[in-house]
Amino acid sequence: MSRLPKIMLGVVALALILALVASACTSNPTATPAPTATSAPTATRPAATAVPTPTIAGPSATATATPVPATPTPAPPTAVPKPTGTFTLALNTLLAQTFDPRLAASTDPQTNLGPVMDYLVGVDNDGKLAPGLSTSWAIAPDGLSWTFKLRQGVKFHNGDEFTADDVKFTLDSFMGPDSKSSFAASFRAGIAGVEVVDKYTVKVNTKGAWGVFPYAVSPLEGVEGMMLPKNYIDKVGWKDFAKKPVGTGPWKLVSYEVGVSNIYEANEGYWGQVPRFKTLKMFQIPEESTRIAMLKKGEADAIDISISSKKQVADAGFKVKTISDAWNHSIVLYGSALPAAGPTYKKEVRQALSLAVNRDEVAKFIYDGDAVPGAQQTLTPVTLGFDPNLKPDPYDVNKAKQLLKDAGYENGFSINLYTFPQAGNPELGRLAEVVAGYWDKIGVKATIIPIDLAGMRAMYNAKPQPDKLVGQASTFALIQRGSSINQMRLLYHSQDVFRIDQNPEVDKLLDDSLKEPDAKKVDENIRKAARIEFDDARGFSVVRPNMLLGLGKNVGDIQVIKGLPNWTKMMASATPAK
């Protein structure tokens, strides 16, 4: 609570700055320093043509193999009101506030650049692929290239027109040696080269038939589909771009203060839905009690809330918006495929840790019924490869104890359980405490270690992972990805980021999925890989929780995108209360 006066002084100061900016003829955003950062060959492919729509059960995988009809940009209606007023969003964390999307995991730039950047392929409110900066896309007859037709007349915030040169530059940059984005490795492995066909047409040649590639350049995957301004970056360099990023999105970044805030102003020339609010302010307020107090006092127009606070916020008369199937709250077991992992190297131990957790109890009492028990770490009903036949492990303490005894750990063992904040997931710290309590009942003594996300990433990204992580565990809110290939690779592929498994069969299933033109076959491959990992229990989902946002009295509504756990991407849809 003690932070509130300090934060509000910051708000007043920032408001004065914005008033000065608004009085000038041009905007001159400022920012604190960001991390400093210092082409693939093309190939001739057959012309892209339409392919038959595959029929599969589940999410909108069919969209990836079907050309999307060109959608002309509609003329803005004359009655659209000019943006006015300020929308203040208070979140539990703004993460690393990284504004060079090549240099951070997906969640950092998606949170902070979500308002600024558009994707090559868009997504509708049902979480299905839709026209974005491309109006249509099609796979070639041989399955070895995708051709995208671009939306014409789109401008970057600095006035440059968005063209095929920007698409090629973007994809080449994410494949470049400096790129550390979550799915850079997948792009390097899967893309043979990018061709500019003409000003508004680009062809992406793939090393194999990548049948779900449009997912990979949409908001449903990582940041690799965020289109970057070639001419601007060529002129100012990556370091200055990170200080003053330019995109085509509905908001322009005005300023930011690391660990405190991001300030944006509406892009009134936006090709899509122009924001109704003139200014967007995002504040990092870790204390939920402070965020709720700000909402009640009218100092915040929207806040992310934990499920345990939903009733309090609703009873105070505030609307609560819900996103379902956006996250899996899981326990990840690191290095369990390595003998150095100790107890968790044995399958019986990993299975025991899962059986010891009462998922029904957690969903009902810890998440107040705003969650369902989880079975698969990376998959939900909105993702390709979700298998409804995989059920959560039952709660069985006696069986868990017997498995530990069979593995030679009848008296239990000790394990570190790391936990860290993730945007939109305030329950993770409490989840760690609850899981540690369940494990204690079978003799496993978990020491909870709070850590920031940057510190955690440094450990799991390291090659090899440090001894202090191998054989240990962490809570993790695993984001749901539309095609799920990249997320599965991220966790389970022996050469990707987490590397929690070293299974050649899983590697092959995931590699083959990147070269498969048939979305139905991709779905089958992912299901097989998910079954293997479910049985091996190198980590496990505890629950699939809802993601909640409380809206203040000055807000009419916000359009929620199903399965997309990124509130900042939805801020352009916020409407003032009538």
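Residues numbered from 1 in each chain as written. Predicted model: local features only at pLDDT ≥ 70, side-chain atom pairs only at ≥ 80, totals over all residues. Heavy atoms only, no water.

> Tell me about the pattern of salt bridges, and please be specific about residues and values.
Side chains that differ in sign of charge can pair as their charged atoms come close. Evaluation of the coordinates by the stated rule reveals 21 salt bridges. Between Lys 199 and Glu 161 there is a salt bridge; the shortest N-O distance is 3.1 Å. In this pair, Lys 199 sits in the loop between β6 (191-198) and β7 (201-206) while Glu 161 sits in the loop between β5 (145-150) and α3 (164-175), placing the two residues 38 residues apart along the sequence. Asp 370 is the partner of Lys 310 in a salt bridge, and the nearest nitrogen-oxygen pair spans 3.0 Å. Here Lys 310, found in helix α8 (residues 310-315), pairs with Asp 370, found in the loop between α10 (359-366) and β14 (371-373); they are 60 residues apart in sequence, far enough to count as distant. Each of Lys 82, Glu 268 and Lys 278 takes part in a single network of salt bridges with overlapping partners. (Salt bridge = Lys/Arg side-chain N within 4 Å of Asp/Glu carboxyl O. Helix = DSSP H or I, 4+ residues; strand = E, 2+ residues; numbered from the N terminus.)

> Would you mind going over unusual backbone geometry in detail, with residue names and values included?
A negative phi angle is the norm for most residues apart from glycine, just as the trans form is the norm for most peptide bonds. Omega for the bond connecting Lys 463 with Pro 464 falls within 30 degrees of zero, at -5°, which places this linkage in the cis form. Its location among the elements puts Pro 464 in the loop between α13 (453-461) and β17 (473-479). The phi dihedral of Gln 97 falls on the positive side, at around 50°, and the residue is not glycine. By secondary structure assignment, the location of Gln 97 is in the loop between β1 (86-91) and α2 (107-112). Note on Gln 97: relative accessible area 1%, which makes it buried. Despite not being glycine, Arg 499 has its phi angle at roughly 55°, a positive value. Secondary-structure assignment places Arg 499 in the loop between α14 (485-492) and α15 (504-513). Among the residues examined, Arg 499 registers a relative accessible area of 12% and is labelled buried. (Buried < 20%, exposed > 50% of the residue type's maximum accessible area, 1.4 Å probe, protein only.)

> Residue-level account of the pairing of strand β18 (residues 539-545), with values.
Here β18 lies mainly inside the structure; seven of its seven residues are buried. Judged from the four bridges that link them, strand β13 (residues 327-333) and β18 form a sheet pairing that is antiparallel. In the sheet register, His 329 faces β18, and the bridge partner there is Val 543. Where β14 lies against β18, three bridges are found, and the strand directions are antiparallel. Each bridged residue has a counterpart across the sheet, and for Val 372 the counterpart in β18 is Arg 544. (Pairing = 2+ DSSP bridges.)

> So, helix α7 (residues 288-297): which residues are in play, and what are the values?
Counting buried residues along α7, seven of its ten residues qualify, which places the element largely inside the surrounding structure. Buried residues of α7: Glu 288, Thr 290, Arg 291, Ile 292, Ala 293, Met 294 and Leu 295, and no others. Of the residues trailing α7, Gly 298 is marked for its positive phi of about 80°.

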